[in-house]
Amino acid sequence: MKTEQIPLSRKGAELEAYLWRDDKKFSNAARRQTVLIMPGGSYQVLSEREAEPVALAYLAEGFNAFVLRYSVGRGTVWPEPLEDAQEALALIRQRAEQWNVDPHKIAAAGFSAGGHLAAALSIQGEERPDAMILCYPCLGQPQCGLMAMNPPALLGMADGKTPPAFLFATFEDEIVPVTHTLDFAAELARLERPAECHVFQRGVHGLSLARAHTSSGRRAKTNPDAAQWFDLSVRWLRRLWGDYPAEAADFRPTARQEGRYGVDVLGSSLMENPCCLRLLCEYYPLLRRREYAWCARPVTVRAMNGLLPPGMGLTEERLEELDRKLAQIPLPDQSRGQ
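Residues numbered from 1 in each chain as written. Predicted model: local features only at pLDDT ≥ 70, side-chain atom pairs only at ≥ 80, totals over all residues. Heavy atoms only, no water.

Chemist: Hey, could you run me through the overall build of the protein chain in this one?
Modeler: Counting its secondary structure elements, the protein chain contains 13 helices and eight strands. In terms of overall size, the protein chain is more extended than a compact globule, its C-alpha atoms giving a radius of gyration of 28 Å where 338 residues would be expected to give roughly 20 Å. Principal-axis analysis of the C-alpha atoms gives the protein chain an extent of 85 × 40 × 40 Å. Per-residue burial over the protein chain gives 51% buried out of 338 residues. For the protein chain, long-range pairs separated by at least 24 residues make up 71% of all intrachain contacts whose partners lie at least 6 apart in sequence. When the accessible area of the protein chain is evaluated, it comes to approximately 16,900 Å², of which 51% is carbon and sulfur surface. (Helix = DSSP H or I, 4+ residues; strand = E, 2+ residues; numbered from the N terminus. Rg over C-alpha atoms; globule rule 2.2 N^0.38 Å. Buried < 20%, exposed > 50% of the residue type's maximum accessible area, 1.4 Å probe, protein only. Contact = heavy atoms within 4.5 Å. Areas by Shrake-Rupley, 256 points an atom, 1.4 Å probe, with all protein chains shown as cover.)

Shown next, in the form of structure tokens:
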């Protein structure tokens, strides 16, 4: 993982990046699906419980993640937070190649007031995300009017371009009524926009991941049932965008496939031949011990040699010498098997 803090145009606004490192081992995910996270806090503060822990959770599932620290508090007026969100989304797409982001697979995820902001970006933004994940979002009156800067109610504002939505709320939420989520889901249904909605009976407002490590030590902020929302959101995104390709077969070079014995053949294939095994033990005396021989079975001799501690492996010259000697051992007759 690598992190980066990127200041935005408005003073105090910042984009925090949590990125997978660019490594050839991850070549099947050269362009990452991405989640832009907007913490809640009633537009007065930003909840740390809904920021980095959520980013790290999505990162662990293979996504790149960004936390938007948008403008809040005294002196901030609407639509400044929305402008921050638009700038953040545009910046992620502009730097998609630098950050290994798929610019067409970016979800805006928000909690409470952050859910309002994610929805506003998805409905009113000049540039919209490709999906939204709204967690106990504040979308209607009178709750919107009671928040700092009096942001607009969003119920009834969706249109035919509104991106697919994943919604999560609890029936027992006493801060933002569950009807905000249900009414928005119904609105999307009328517009025939894709949506998935999960309402759990139990759970207070502000659950975040609903796990102990995001609870601030409060029992009410943990809920094993509601905690399922995160895995459900990942599964929903995978259905929406697909997973990273993982169809390549494991390369397991046997002597039969290579047409010869050699150091680029699996240890298991060599050890089936007593002549090869004796030769291997001459060059690697440790292989006389069963436990060491067992460890050498799933890799080629060349790969094993590169993994050995200094002084235990063969030089390149000795390795090539072993290869030539192994090549002189004839393969068994095809009819007898190997």
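Chemist: Sorry if this is basic, but what is going on with the packing of aromatic side chains here?
Modeler: In this description, an aromatic ring pair is defined by two values, namely the gap between the centres and the angle between the planes. In this structure the tally under the stated criterion is 13 aromatic pairs. Ring centres 5.4 Å apart and planes at 5° place the aromatic pair F168 and W229 in the stacked group. Note that F168 is positioned in strand β7 (residues 165–170) and W229 in helix α7 (residues 228–241), a separation of 61 residues in sequence. Where W229 meets F230, the ring centres are 5.8 Å apart and the plane angle is 85°; that geometry is what we call edge-to-face. For W229, a relative accessible area of 0% gives the class buried. Among the residues examined, F230 registers a relative accessible area of 9% and is labelled buried. Taken together, the aromatic side chains of Y58, F63, F111, Y136, F168, F200, W229 and F230 make up a single cluster linked through ring pairs. (Phe/Tyr/Trp six-rings, centres within 6.5 Å; stacked < 30°, edge-to-face > 60°.)

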